[in-house]
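Remarks on the overall topology
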Amino acid sequence: MERSRNGRAAESRYGEGIRNPRARQRALCIAAGPEDIDFSELRELLRTAGVAVAGELSQHRARPDPDRYLGKGKLAELKRAVEENDANLVACDDELLPRQERNLEQEIGVPVIDRTAIILDIFADHAASAEGKLQVELAQLEYNLARMRGLWTHLERLGGGIGTRGPGETQIETDRRLARDRIATLKRRLERTKAGRSTMRRERERAQLPTVALAGYTNTGKSTLLNALTGAEAGVRDRLFHTLDPTTRSFEISGRRYLLTDTVGFIRKLPHQLVDAFAATLEEALEADLIVHVADASAPEDQLMGQLAAVEEVLAEIGAAERPRLLALNKIDLVDEDRRRELSFRHPRAVQISAASGEGLEGLSEAVEAQFLATLRPMELLVPYEEGGRLSELHELAGEMEREDTPEGAHIRARVPAGVAARFERFSVNGANGSAPDDE
């Protein structure tokens, strides 16, 4: 970026200029690859991290250089771009190998960060719960393990005396050993929190309330949708990864209670360290009866398809690929009628909604109910009157229940969640309604 006489930033030949001149860090964005480079997501990540965008530089090549990420000629251009744009940071849209990061810094003389480091920094800033902070710290340590260069400089000189003379343990070995010890400690602590989460999940399963998880790309309005459906007051802000800790609330459809959970947002090229570290959080999606995939209907079609693919990739990575899915195209209030018709044609099974205005939420509730009712199992039962607890439970769990009182007990035709059908099989009038064979 060039400076005009009045000191203001002038237009640069290196792409979009500084967005926030007051920012302490001004980053030049770089990327290399065989296809056209779109820096919009990297710019948004940097904005969320509080870093200004000073410009952009891309190189079209089959694959990044294994040693310096960019080719030699492009490196010289990058060095000039850093000076002309008054940048004090280079941000790469890929995860860099340690040697690529090191060689780039040596060549251009300013710090270099990659996409993974930016996302980890955002997660560290947004983590609120104790579990979320543990997960972020674990991900950061695993990412930094191969990049360690004196993170614990207070141990630079190891102790002296008998048994400690000689070459001893180098600083880098000390750093890595301490990091591995801390990683092991964090994993043990997360296992304990995971056990507590499993206990809460079992309590919910005993209640047999249908569970719905909101999953989707970051900043698509999942928290706003949670608030709209449940009356919750989950924090909502226009920034990436605002929600890191899952929030579960109950809501009703046609008199039946459901549990709705808002999960962490996904992103293209989500670092594996974060997927692993947030496995316990993402398990909420894995265990849900239904995943409502919330997408941004106002995004351009190519961007929308890329976001949908990124979410499906992460769901497959955590083992939730086979879970029942419902696509909710949110922010429909921001598009015109032509785009609505196009979305209906391209995504005929999706529900178009606006969590902000309330449009389409009734249709979404009906679609959620239809998905759940399709999983119910028809049963014909004769429940003795002394089994009052079971009768009460049936009234709470069953859908479309018909009851006729007889001298022998309550004759009931009902549709029961498959997961609890075994509880009532001993009352089955017809063996075909219960999977258990008749008593011999």
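Residues numbered from 1 in each chain as written. Predicted model: local features only at pLDDT ≥ 70, side-chain atom pairs only at ≥ 80, totals over all residues. Heavy atoms only, no water.

1. Thoughts on the confidence of the model for the chain
Defined as follows: The pLDDT score gives, residue by residue, the confidence of the prediction method on a 0 to 100 scale. What counts as a helix is a DSSP run of H or I of at least four residues, what counts as a strand is a run of E of at least two, and both are numbered from the N terminus. Note on definitions: a residue-residue contact is assigned when non-hydrogen atoms from the two residues lie within 4.5 Å.
Per-chain confidence: the chain averages 79 in pLDDT, with 77% of residues scoring 70 or above. At the low end of the mean pLDDT range in the chain sits helix α9 (residues 279–287), at 64; at the high end sits strand β10 (residues 351–352), at 96. Predicted confidence is poor over residues 1–22, with pLDDT under 50, and the contacts of this stretch with residues over four places away or in other chains come to 45 contacts.

2. With respect to helix α2 (residues 72–84)
Heads up, the rule is: Multiplying one less than the number of residues by 1.5 Å gives the expected span of a helix. Think of it in three bands: residues with accessible area under 20% of the maximum for their type are buried, residues over 50% are exposed, and the middle band is partly exposed, with areas taken using a 1.4 Å probe on protein chains only. For this quantity, the arc is that covered by the directions from the helix axis to the C-beta atoms.
The end-to-end C-alpha distance of α2, which contains 13 residues, comes to 19 Å, matching closely the 18 Å that a straight helix rising 1.5 Å per residue would cover. K74, L75, E77, L78, A81 and V82 are the residues of α2 that are buried. One side of α2 carries all its buried residues, which in axial view fall inside an arc of 160°. Residues K72, G73 and E83 are exposed on α2 and point more than 90 degrees away from its buried face. Of the surrounding elements, those touching the buried residues of α2 are β1 (26–33), β2 (52–60), β3 (89–92) and α3 (98–108). Just downstream of α2, D86 is the residue with a positive phi angle, here 55°.

3. Focus: the side chain of E101
As for its placement among the helices and strands, E101 is situated in helix α3. In contact with E101, not counting residues within four places along its chain, are L96, V112, Y143 and R147.

4. Remarks on the sheet that holds strand β6 (residues 247–253)
Condition: DSSP-based pairing: two strands are paired if at least 2 bridges between them are found. Angles shown run from 0 to 180 degrees and are taken between the N-to-C directions of axes, each axis being a line fitted to C-alpha atoms and, for helices, limited to the stretch in contact.
Sheet architecture is open: six strands sit in the order β6-β7-β5-β8-β9-β10, paired in mixed fashion. Here the strands that pair on one side only, and so sit at the sheet edges, are β6 and β10. Relative to the sheet, helix α7 (residues 222–230) contacts β5 (211–216), β6, β7 (256–262) and β8 (290–296), its axis offset from that of β7 by approximately 160°. Its contacts with the sheet put helix α10 (residues 301–317) on β5, β8 and β9 (325–330), and the angle it makes with β8 is roughly 150°.

5. Section: the pattern of salt bridges
Condition: By salt bridge we mean one thing: a side-chain nitrogen of Lys or Arg within 4 Å of a carboxyl oxygen of Asp or Glu.
Applying the stated criterion across every chain, the model contains 21 salt bridges. Close ionic contact of R26 with D86 constitutes a salt bridge, the shortest N to O distance being 3.7 Å. In this pair, R26 is assigned in strand β1 and D86 in the loop between α2 and β3, connecting sequence segments 60 residues apart. The class for R26 is buried, based on a relative accessible area of 16%. Three or more residues are tied together by salt bridges with common partners; here these are E301, R339, E342 and R346.

6. Digging into the packing of α7 against helix α12 (residues 361–373)
Inclusion rule: Any angle from 65 to 115 degrees is called roughly perpendicular, while one under 35 is roughly parallel, one over 145 is roughly antiparallel, and all others are oblique. Nonpolar residues are Ala, Val, Leu, Ile, Met, Phe, Trp, Tyr, Cys and Pro. Charged residues are Asp, Glu, Lys and Arg, and all others, Gly as well, are polar.
At a minimum axis distance of 11 Å, the contact between α7 and α12 shows a crossing angle of 85°. Here α7 lies roughly perpendicular to α12, going by the angle between them. From α7, L225, A228 and L229 reach across to α12, where they touch L361, L364 and S365. Per-class residue counts for the contact of α7 with α12 are five nonpolar, one polar and no charged.

7. Points about the pairing of β3
Keep this limit in mind: If the strands point away from the viewer and the path from the first strand over the helix to the second runs clockwise, then the crossover is right-handed.
Of the two faces of β3, the one holding L89 and A91 and the one holding V90 and C92 are both buried throughout. Two strands pair when backbone bridges link them, and β1 and β3 are joined in this way by four bridges, in the parallel orientation. When the bridges of β3 are listed, C29 appears paired with A91. Across three bridges, the pairing between β3 and strand β4 (residues 112–114) is parallel. The partner of C92 across the bridge, within β4, is D114. For the crossover from β3 across α3 to β4, the handedness is right-handed.

8. Structural notes on the packing of α2 against α3
Put simply, the rule is: Left-handed describes a crossing in which the near helix is turned anticlockwise from the far one by less than a right angle; the clockwise case is right-handed.
Relative to each other, α2 and α3 sit at 55°, their axes nearing to 9 Å. Of the possible angle classes, the one that applies to α2 and α3 is oblique. The handedness of the crossing between α2 and α3 is right-handed. Facing L75, L78 and K79 of α2, the residues of α3 in contact are L104, E107 and I108. Here the residues of the contact of α2 with α3 are counted per class, giving four nonpolar, no polar and two charged.

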